[in-house]
Structure formats: C-alpha cells, structure tokens
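Structure assessment
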Amino acid sequence: MKKILVTGGAGYIGSHTCIDLLNNNMEVVIVDNFSNSNEKALDAIKKLTGKEFKFYKIDYTDKDEMEKVFLENDIDAVINFAGFKAVGESVKMPLEYYTNNVYGALVLLDLMRKHNVKKFVFSSSATVYGDPEKMPLTEDCKIGGTTNPYGTSKLMIEYILQDLYKSDNTWDIVILRYFNPVGAHESGLIGEVPKGTPNNLMPYISRVAAGKLKELSVFGNDYDTKDGTGIRDYIHVVDLAHAHLKALEKLNKEDSGIYIYNVGTGTGYSVFDMINAFEKANNVKIPYKVVSRRDGDLPVSYADTKKAKEELGFVATKNLEDMCKDEWNFQKNLNKED
Ligand code: UD1
C-alpha cells in the first residue's frame, strides 16, 4: 500500500498522521478546506519530513472536486479526518454537523466504491459508547445513546460502515475509537489551535498557563472518583497518529473485514491530576475554581487497550509528562506569533 488519501490532513490529528505516513515512505494526498486549520500545518509537515506531498484545497463534501482527486491519483487507501468536532457547536449547528460529517463520509465512500478503493480508516470516538456499561471500555460494549449531534454523527457513520461491509465484504475497514487526544508534535510546529475559547481541558489549561485565560473552571468535584473530578484517558497525539499507520498495516496484510479498536493508553487521569502534571512538567501555575458539573459529562472514561495491542501491535509510548511538555511547547510558539 503506497498512496494514501488523507481528508482533513492539515488538521490536528491529520497533520500528525501525515508526518508519520511520510516518514514511513508512503505517498500522501491531502484534501483540506482549512475550515479548522491552515497552510502553516502543511509547511510544517514538509519541513519536519523533508518530503513532498500533493495537496488539494477543497471541501470533501464537494463530489465533483473530490472525483478529480480520485481520477488524478492512484489511491490505495483513505483516512478520513475531515470532520467537525466541537460538541457545543454541534448542538447549535446540527445540520452543518450532519452535512459535513455524515454526508461528507457518504460522498467519500461512494467515490471510493466507484473507483474501487476499498480500504478505509475512520476516526470515530469513545463518545459512541454513550453512557458506558462498564469500565474499562472494551470494543464489544454496547454503542448508542449519544447526547449531541457530534457524537451521533460518529455513531451514524459507524452504522453506515457496518451496513456497507455487510453489502459488500470486499471492503476493508478500520474504525478507531479515539479517547482524549492531547499534546503536540515535539517540534512545537504543529498542534491543536481551537477556534475561540477551547472547550477541552488540555487546550484550556495551556491558555491559562499562557495568561490568555484567567483561570480554569473545574467542572465538578463531587463525582465518585478518587478526588471527585472527572477521569479520562488522555493520549498523546503523536501516539494516536501512529495508530493510523498500524491500521493501514492491518488493512494491508489481512483479508478484508471491518475492525474496531479503542485508541487510548488504558490509564485514567483526573482533572486535578492534569493540573498538577502540567504545573510540574512546565513549572507554571494553573489557577482554577471548582464550578458545577458540565451537562453530558461522564464521571469516568478510559479504554481497554488489549485488542489494539494484540491485533494492531499498537501501544502508546508517551506519558503524561510528555503530553504536558509538548502541549506547552506548542502553546509557547503560538504566543510568539501573537
Ligand atoms: C469531549 C466531548 C467528547 C469528545 C471529546 C473530544 C463533551 C461532553 N464531550 O470529551 O464528545 O469526543 O471532547 O476530545 O464535551 N473539564 C473541566 N474544565 C474544562 C474542560 C474540561 O473540568 O474547562 C473536565 C471535564 O469535565 C472532563 C475532563 O475535563 O472531566 C475532560 O474534558 P474534555 O477535554 O472536554 O473531554 P471529554 O469531556 O472527555
């Protein structure tokens, strides 16, 4: 397998994955409309890998434009990162979310079928488990019960992929259920740049550290956890990116099938763990106040990582200190640009 189409390849997880693909001698074709990214990520990919790649600035929901990409390139597999991902925004803009995420995936899959490209890696989320039946979460836990259009769009696409495979078992699909991606490339050149005020914990913490936000609001300290705050499975984005390479290797060697993997570290950290780790790793202070719980938040969520380890050979290698240091390194570079 050589030529990989990466939709959303200039985005947070997409850009880190493109670096890994290029460093492993794959050819990369990136499609991105910069709706939540910019050219800088592409420059950084070039600089960090010393390799060239093809780039199309198009909206992946535009079928005619996307068709050209398939006609002009002999694509072997597709990784689809081109999704909207802000939970709160999805509640306000459901039509935009379902159009971009679900309709976009349909456009892509239809073109793939037409051009006989049947290897697909899909970015799903632990959010598809809804209210989890047990912890840690195994891939055979029930899915459903999502509480916002973002989560429901991921769930719908998982169902679509299952039905597609049932209808034609020459498809070869890996669904990766991400836990909580954090951190940035160790160069500090690429990372997550949320639009407006961040909703997720780690980007919020780094902006407080940078003095751009006054203090962190800790959403509840009355959960039934060791210190009362929510527990999550944070995974370094460079590790998460590498899971996609492992997924492609799997698609390359196995007979066709549809495979689902959790991508996390298997370790849960609380909000207070994250504050302490960030302060210690970077020698900064994170002022915070405890406020009431955020609607829709789970007390605890972390992955059982056994299946990914056994079947993909994927194990996260970076620890919490790496996540905090790399996040701050990237944030400091952003500060210089301001
Ligand atoms: C959130 C989304 C999830 C999505 C994921 C993407 C919600 C309800 N869930 O997950 O669907 O897949 O992002 O990364 O939005 N926290 C604070 N203060 C903050 C921000 C967060 O205390 O300012 C706490 C939260 O209560 C939670 C933990 O930090 O316990 C992690 O929050 P976050 O980074 O938003 O991720 P999730 O809620 O797991």
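The structure we're discussing is the one just above.
Model, not experiment: these values are computed from the prediction. (Residues numbered from 1 in each chain as written. Predicted model: local features only at pLDDT ≥ 70, side-chain atom pairs only at ≥ 80, totals over all residues. Heavy atoms only, no water.)

This part covers the packing of helix α1 (residues 12-23) against helix α2 (residues 39-49). One way to put it is that α1 packs onto α2 with a least axis distance of 10 Å and a crossing angle of 30 degrees. When the axes of α1 and α2 are compared, the pair comes out roughly parallel. Handedness of the crossing formed by α1 with α2: right-handed. Of α2, the residues touching α1 (which contributes S15, C18, I19, L22 and N23) are A41, I45, L48 and T49. Looking at the contact of α1 with α2 residue by residue, the class counts come to six nonpolar, three polar and no charged. (Axes fitted to C-alpha atoms, helices over the stretch in contact; angles between N-to-C directions. Helix = DSSP H or I, 4+ residues; strand = E, 2+ residues; numbered from the N terminus. Parallel < 35°, antiparallel > 145°, perpendicular 65-115°, else oblique. Left-handed = near helix turned anticlockwise from the far one by under 90°. Contact = heavy atoms within 4.5 Å. Nonpolar A, V, L, I, M, F, W, Y, C, P; charged D, E, K, R; others polar.)

Pairing within the open sheet is mixed, and its three strands lie in the order β12-β9-β14. Both outer strands of the open sheet, β12 (269-270) and β14 (300-301), are each paired with one neighbouring strand and no more. (Pairing = 2+ DSSP bridges.)

In this structure, I4, L21, V28, I45, L176 and L248 are the most contacted members of the largest nonpolar core, which totals 40 residues. In terms of residue count, helix α8 (residues 237-253) provides more of this core than any other element does, seven residues in total. Contact partners of I45, with chain neighbours within four places excluded, come to G9, S15, C18, I19, L22, I30, G50 and F53. With 31 residues, the next largest nonpolar core counts F70, I75, M112 and I175 among its residues. (Core = buried A, V, L, I, M, F, W, Y, C linked by side-chain atoms within 4.5 Å. Buried < 20%, exposed > 50% of the residue type's maximum accessible area, 1.4 Å probe, protein only.)

Time to look at the site of the ligand. Neighbouring the ligand are 18 residues; L201, S217, R232, R294 and D297 lie closest to it. Within the side chain of N180, one N or O atom sits 2.9 Å away from an oxygen atom of the ligand. The separation between an oxygen atom of the ligand and a polar side-chain atom of R232 is 2.5 Å. When the ligand sits alone it has 740 Å² of accessible area, and the protein chains cover 88% of it. If one sorts the elements of the shell around the ligand by residue count, strand β8 (residues 216-219) sits on top with four residues. Residues belonging to the shell around the ligand are distributed by class as follows: eight nonpolar, seven polar and three charged. (Near = heavy atom within 4 Å. Polar contact = N/O pair within 3.5 Å; in protein donor to acceptor, adjacent residues only side chain to side chain. Areas by Shrake-Rupley, 256 points an atom, 1.4 Å probe, with all protein chains shown as cover.)

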